[in-house]
Amino acid sequence: MKIRPLHDRVVVRRNEEEETTAGGILLPGSAKEKPNEGEVVAVGQGRLLNNGEISPLSVKVGDKVVFGGFPGNNNTIKDGDDELIIMSEAEIFGVLED
């Protein structure tokens, strides 16, 4: 699937849900929490400013990002087994760096 986000929107592939806890306990489906981390797979051109100029985004394809628990007001789409989230760049809290 190809998707091209508009303006300051970003498409993020959410990381997979944890199957076990740090102590090794297997989690049933209802107890799993959706992770708030993912990888940027597409970005828009940038934020359109009042003067008509476009301000480029701070994130790029391939960045590992952290976002809030309820991003994009449920703007999610499925691509096979992957869950893709379309969100505003403002909903991203930070970029994870090695």
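Residues numbered from 1 in each chain as written. Predicted model: local features only at pLDDT ≥ 70, side-chain atom pairs only at ≥ 80, totals over all residues. Heavy atoms only, no water.

(A) Local environment of the overall build of the protein chain. Scanning the protein chain for helices and strands turns up 0 helices and 8 strands. Helices (α) and strands (β) of the protein chain occur, in sequence order from the N terminus, as β-β-β-β-β-β-β-β. Residues classed as buried in the protein chain amount to 29% of the 98 residues present. In the protein chain, once contacts between residues fewer than 6 apart in sequence are set aside, the share between residues at least 24 apart is 62%. Only carbon and sulfur atoms are counted for the fraction: they give 48% of the accessible area of the protein chain, which is about 6900 Å². (Helix = DSSP H or I, 4+ residues; strand = E, 2+ residues; numbered from the N terminus. Buried < 20%, exposed > 50% of the residue type's maximum accessible area, 1.4 Å probe, protein only. Contact = heavy atoms within 4.5 Å. Areas by Shrake-Rupley, 256 points an atom, 1.4 Å probe, with all protein chains shown as cover.)

(B) Structural context of the nonpolar core. Of all hydrophobic cores here, the largest spans 10 residues; its members are V10, V12, V40, L57, V59, V65, F67, I85, M87 and I92. Secondary-structure elements contributing two or more residues to this core are β1 (9-14), β5 (64-67) and β7 (82-88). Dropping the residues within four chain positions of it, V65 is found in contact with V12, N36, E37, G38, V40, V59, I92, G94, V95 and L96. (Core = buried A, V, L, I, M, F, W, Y, C linked by side-chain atoms within 4.5 Å.)

(C) Broad picture of the confidence of the model for the protein chain. For the protein chain, the average pLDDT comes to 82, and 78% of its residues sit at 70 or higher. Ranking the helices and strands of the protein chain by mean pLDDT puts β5 first, with 94, and strand β6 (residues 76-79) last, with 82. (pLDDT = per-residue confidence, 0-100.)

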